[in-house]
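# Observations on the model geometry
Listed here are the chains, written in short residue letters.
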Amino acid sequence: MMLIQMHDIDDIKVEYHPSSGRPTKVYHFEDYGCGPGAPTVVPKADPMPWQPFRTCIDFEVAELAHKAGLSHEQLDQLIQLIHCSRSELFTLWNCKDARDMWDAVSFKMTPFMKEGVVVPFRGIDQTFALFHHLLYFIFDAQRLSKFNGEKFIWFIHEPWTANAYWEYQLKIPPDAKPLAFILYANKAKLSSFGHVKGYPVVACCANLPTAVRNGKGLGGGHIVKEDKNHSGKPTFVNFKNVVWHASFLKILACLVSLLKFGSAIKYWDDVIHILYPIVLTLFTDYEEQVVMALIHGLMGKFPCPICLVPRNELSNTLNVYPLHTSTDTKALLARARESTTLGVREQILSSQSLCDVNSSFGVLEHTNVHRALSHDKLHFNDEGLFSDHKWPELQKWAAVQIDSFFQLISHWRNLNHFDQVISVSFSDGMKYEDISKLIIFAVHNLFDRDMDPEAYLLLCYTIKNGRETLSKLTELMDKYIEDTAEILEKSWNFPKKHLSAHVFDDIEVKGVSRNYSTKPNEKMHGPLKDAYQDHTNFKNFAEQETNEVDLTEPTDAQHFSLGSKQVVMSFADIEADSAGNPVFDRFRIKLNNFMNRVFAANSIPFPVLLNQIVECRFLKVNFESLTDTGVIFGKLMLIFTCTVGDVQYPVMLVLLYDQLVGVHSQKDKDFQFWHVKRKPRASAEFFSIHSIVRGCVIVEDASRPDEFLVVDTVDTDMFLQMKDICSQ
């Protein structure tokens with residue numbers, strides 16, 4: 001009996017939530033795209049997007065002045081100069097005219113609402129300004145799985161594909177839809193010396209795709225000033241917690257009225273649905289998580305905002321401890337407040353390190369603040385575990401040689417390039433992230449497995465991955481801490497090390513970690529500070545900063561795009577310019593032979609010999625994660641198009657790195673290295689640009705002449721690509 005396979009490898013199955021009434025569907029990988037169910041109607045392009053500005057030049061001048069932070073007098077002078085010499089109709093007359101236009105533009109944006117938050121402290125009411133606005137979008141919960149040739153394997157990416165979203169849709173009426181929010185909050189220093197601080201609270205809609213949700217823009221914020229006479233004292237700490245939660249309650253108040261009956265919203269397809277809100281995810285640094293969870297943090301018996309791990313057990317990520325829940329917290333707080341003495345109250349609260357403050361999240365029936373708090377890679381790993389602990393330890397073992405390696409690393413998109421990393425303190429956690437990606441390739445030759453066992457262990461600790469290896473990581477780290485106990489300068493028993501124990505639970509509950517990455521929102525601190533410095537009078541600046549607007553960047557849906565085209569070049573010009581470079585030997589012959597093979601393979605006659613090309617110096621590749629075909633590593637030597645008839649063919653000249661390499665050593669296995677070796681330069685070959693899988697970074701291995709290491713840590717996809725290649 002012959003079984004007929006119903007599905008193709010990489011097919012995506014979408015199981016919609018039972019309440020949606022939508023049947024399960026299977027999509028071919030190439031058809032799945034950015035997610036089924038997205039609107040297919042493309043909005044018409046506005047032929048005059050600069051309106052209500054009267055002309056395009058009016059808008060461009062006003063925009064330039066706004067970005068440059070020109071004063072009223074400077075803008076008036078600029079406009080007068082433009083009127084003296086103009087080639088296009090320019091109708092702005094002064095700064096007031098420009099500001100009136102900006103006010104007209106602001107009506108197209110969702111307005112910020114201002115509310116006062118009043119909190120008493122030492123008998124005096126303190127008033128704080130809060131600015132906020134709302135967002136509304138929705139999708140049904142989904143469960144996704146990918147066909148591997150035998151069965152469908154469950155996978156998670158966006159929040160609506162994870163467990164928490166699915167579970168919430170079960171709790172609301174069958175004809176309703178979840179309206180899920182992801183909230184970010186953190187402290188930002190606005191003034192040069194840090195005396196003025198902003199507390200931006202950014203609300204993102206979890207129903208939007210990550211590419212949209214992680215776009216640029218400012219959310220609402222409130223300002224709390226610290227009095228140095230009270231800062232750090234228990235009463236003031238509680239006061240700040242009260243201010244934070246009282247302010248946050250104002251933001252959540254708009255959701256409370258919707259919890260019982262929902263809100264009727266007309267979709268883009270004119271269908272009306274009932275929305276029920278939930279705060280699905282909270283992400284911020286540890287200090288702000290402590291405020292959100294209303295625990296005592298480092299000074300408490302149980303410093304973790306998610307579970308009840310004792311303070312002296314933070315370095316152990318293997319043990320499982322009871323979880324905090326909002327229900328238990330509320331019950332314990334009520335019991336403490338019923339006590340007759342302050343001592344008994346503190347004893348009850350300290351049993352879970354709780355603060356005696358009402359949580360703003362208590363008004364949201366289905367939001368468990370402790371479950372909503374999420375692992376923050378930027379602050380917990382890059383600016384915490386690595387920058388404060390691993391990095392100082394590595395510098396003890398090899399300081400001098402590290403800088404020279406980083407100077408030799410090729411410049412790469414979205415990867416910081418360093419001339420010096422030793423003895424330099426970075427304020428940007430993303431720089432520490434990039435150092436951690438490259439450090440193993442910088443120092444692997446400096447340590448011997450037998451001669452330097454402690455340093456070798458520390459390197460092994462930096463490269464493991466996944467839930468299944470978390471126990472191994474802990475074992476390696478514990479051994480390193482034990483072996484170096486006499487020279488350790490810092491304690492490894494701290495919250496940010498422990499919080500990695502919750503990262504995989506977060507993924508299953510709330511989706512992949514980019515859904516709650518603080519990176520996009522941390523980038524808002526710069527514009528927020530710039531707005532304070534350049535666009536305010538330093539008084540009542542919160543009202544002025546709510547006018548700051550930024551736009552998301554466009555995306556390209558094609559497999560690749562070419563740009564920066566040069567002038568047409570003849571083969572004679574190419575051979576003359578590259579004389580003595582064996583890469584370009586027999587250029588015209590090899591190219592014509594390549595094009596003949598391509599045309600013959602497609603049964604198309606090759607009409608004439610080529611004699612000219614157009615070089616391109618920009619290439620962008622949009623790639624699929626993992627490929628089921630064999631890959632070859634190579635260096636791009638030339639990118640160009642050649643025209644045959646009326647058709648342009650994109651071609652590249654590649655120097656291949658597929659020469660046989662030596663035997664894989666034990667170090668290669670320990671560090672999961674992959675070596676490649678360059679072919680002679682005269683063996684460069686032509687390929688169609690369509691055959692590119694993706695770009696990669698390689699670094700020279702000084703211990704093995706003419707061999708290079710593939711850097712698999714530049715991004716998640718490259719890591720998975722190399723893991724798949726190594727397994728073959």
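Figured I'd write up the structure that's included with this text. (Residues numbered from 1 in each chain as written. Predicted model: local features only at pLDDT ≥ 70, side-chain atom pairs only at ≥ 80, totals over all residues. Heavy atoms only, no water.)

### Here's the deal with the pattern of salt bridges
Heads up, the rule is: Take a side-chain nitrogen of Lys or Arg and a carboxyl oxygen of Asp or Glu: if they are within 4 Å of each other, that pair is a salt bridge. Only runs of H or I of at least four residues qualify as helices and only runs of E of at least two qualify as strands under DSSP, and these elements are numbered from the N terminus. Partly exposed describes any residue whose relative accessible area lies between the buried limit of under 20% and the exposed limit of over 50%, with all areas from a 1.4 Å probe on protein chains only and scaled to the type maximum.
Overall, the coordinates contain 19 salt bridges when judged by the stated rule. Of the charged contacts, one joins Lys96 and Asp100 as a salt bridge, the two residues approaching to 3.1 Å between their closest N and O atoms. Placement of the pair is Lys96 and Asp100 together in helix 4 (residues 95-106), with a separation of 4 residues, close to one helical turn. Taking relative accessible area as the criterion, Asp100 reaches 34% and is therefore assigned partly exposed. Salt-bridge contacts for Glu707 lead to Arg704; the nearest nitrogen and oxygen are separated by 3.0 Å. What makes Glu707 buried here is its relative accessible area of 6%. One continuous salt-bridge network, built from bridges that share partners, spans Arg22, Asp140 and Lys177.

### What about the sheet that holds strand 20 (residues 707-711)?
We apply this condition: Two strands form a pair only when DSSP identifies at least two bridges running between them. Fitted lines through C-alpha atoms give the axes, limited to the stretch in contact for helices. The angle between two N-to-C directions lies from 0 to 180 degrees.
Strand order in this open sheet of 3 strands is 17-20-19, and the pairing throughout is antiparallel. Looking at strand neighbours, the two that pair on one side only are strand 17 (675-677) and strand 19 (697-700), the edges of this open sheet. Averaged over all pairs of adjacent strands, the angle between strand axes in this sheet comes to 40°, irrespective of strand direction. Relative to strand 20, strand 17 runs antiparallel, the two sharing 3 bridges. Bridged to Val676 within strand 20 is Phe708.

### Let's talk about the sheet that holds strand 1 (residues 12-16)
Here we have 4 strands laid out as an open sheet, ordered 2-1-5-6, and antiparallel in their pairing. What marks the edges here is a single partner per strand, and that holds for strand 2 (25-27) and strand 6 (152-155). Neighbouring strand axes in the sheet, compared pairwise and without regard to direction, differ in orientation by 30° on average. Sheet topology note: the strand 1/strand 2 ladder contains 3 bridges and is antiparallel. Each residue of the ladder has a partner; that of Ile12, found in strand 2, is Tyr27.

### Brief notes about the packing of aromatic side chains
Note the cut-off: Only rings of Phe, Tyr and Trp enter the pairing, Trp through its six-membered ring, and a pair is recorded when the two centres are within 6.5 Å. The plane angle decides the type: under 30 degrees is stacked, over 60 is edge-to-face, the rest tilted.
The full count for this structure, using the stated rule, is 14 aromatic pairs. Aromatic pair Phe406 and Phe418: ring centres 5.9 Å apart, planes at 90°, arrangement edge-to-face. Within this pair, whereas Phe406 is found in helix 13 (residues 400-408), its partner Phe418 is found in the loop between helix 13 and helix 14 (429-443), the two being separated by 12 residues in sequence. Neither Phe406 nor Phe418 differs from the other in exposure class; each is buried. Consider the rings of Phe587 and Phe686, whose centres lie 5.3 Å apart with planes at 75°: the pair is edge-to-face. Separated by 99 residues along the polypeptide, Phe587 in helix 23 (residues 587-601) and Phe686 in strand 18 (residues 685-688) bring together distant segments of the chain. One aromatic cluster in this structure is built from Phe571, Phe584, Phe587, Phe594, Phe640 and Phe686.

### Comments concerning the nonpolar core
Rules: What we call a nonpolar core is a set of buried Ala, Val, Leu, Ile, Met, Phe, Trp, Tyr and Cys residues that are connected through their side-chain atoms within 4.5 Å. Only heavy atoms matter for contacts: two residues are in contact if any of them lie within 4.5 Å across the pair.
By size, the foremost hydrophobic cluster in this structure holds 39 residues, and its most contacted members are Leu183, Trp244, Leu252, Val279, Leu282, Met292 and Phe361. Counting only elements with at least two residues in this core, the list comes to strand 7 (176-185), helix 7 (234-261), strand 12 (272-283), helix 8 (286-293), helix 9 (326-338), helix 10 (342-350) and helix 11 (369-372). If we skip the residues at most four places from it in the chain, Met292 touches Ala185, Trp244, His245, Leu282, Thr284, Phe361, Val369 and Leu373. The next biggest cluster of nonpolar side chains, apart from the first, holds 36 residues, and it includes Phe426, Ile435, Leu438 and Ile439.

### Regarding the pairing of strand 16 (residues 647-656)
Extensive coverage of strand 16 is indicated by the burial of 7 of its 10 residues. Pairing geometry for strand 15 (residues 634-644) and strand 16, over 10 bridges, is antiparallel. When the bridges of strand 16 are listed, Thr643 appears paired with Gln648. The loop that links strand 15 with its antiparallel partner strand 16 comprises 2 residues; one of these, Gly645, has a positive phi angle of about 70°. Both strand 16 and strand 18 contribute to a ladder of 4 bridges, which runs antiparallel. Note on strand 18: the bridge partner recorded for Val654 is Glu685.

### Quick notes on helix 18 (residues 503-510)
Test applied: The directions considered for the arc run from the helix axis to the C-beta atoms.
Within the sequence span of helix 18, burial applies to Val503, Asp506, Val509 and Lys510. Seen from one end, helix 18 has its buried residues packed into an arc of 125°, which puts them on one side. Buried residues belonging to helix 18 abut helix 5 (163-171), strand 12 and helix 11. Remark: Gly511 follows helix 18 within two positions and exhibits a positive phi of approximately 100°.

### As for the packing of helix 9 against helix 10
Selection rule: Working rule for angles: under 35 degrees goes down as roughly parallel, over 145 as roughly antiparallel, 65 to 115 as roughly perpendicular, anything else as oblique. Crossings are sorted by hand: turned counterclockwise from the far helix by less than a right angle, the near helix makes the crossing left-handed, and turned clockwise it makes it right-handed. Think of it as three bins: nonpolar holds Ala, Val, Leu, Ile, Met, Phe, Trp, Tyr, Cys and Pro, charged holds Asp, Glu, Lys and Arg, and polar takes everything else, Gly as well.
Two elements in contact, helix 9 and helix 10, have axes whose closest approach is 8 Å; the angle formed by their N-to-C orientations is 165°. Our classification of the angle between helix 9 and helix 10 gives roughly antiparallel. Seen from above, helix 9 lies across helix 10 with right-handed handedness. Between helix 9 and helix 10, the contacting residues are Leu332, Leu333, Arg335, Ala336 and Arg337 on the first element and Arg345, Ile348 and Leu349 on the second. When its residues are assigned to classes, the contact of helix 9 with helix 10 shows 5 nonpolar, no polar and 3 charged.

### Let's talk about unusual backbone geometry
For residues besides glycine, phi is generally negative; the peptide bonds are generally trans as well. Here the amide bond leading from Gln51 into Pro52 is cis, since omega sits at 15°, within 30 degrees of zero. Among the structural elements, Pro52 can be located in the loop between helix 1 (29-32) and helix 2 (56-68). Positive phi outside glycine occurs at Ser564, with the angle close to 50°. On the secondary structure map, Ser564 appears in strand 13 (residues 560-570). Located in the positive-phi region is Arg586, a residue other than glycine, with phi close to 55°. Structurally, Arg586 is set in the loop between helix 22 (571-577) and helix 23. A residue is classified by how much of its surface remains accessible, and Arg586, at 52% relative accessible area, is exposed.

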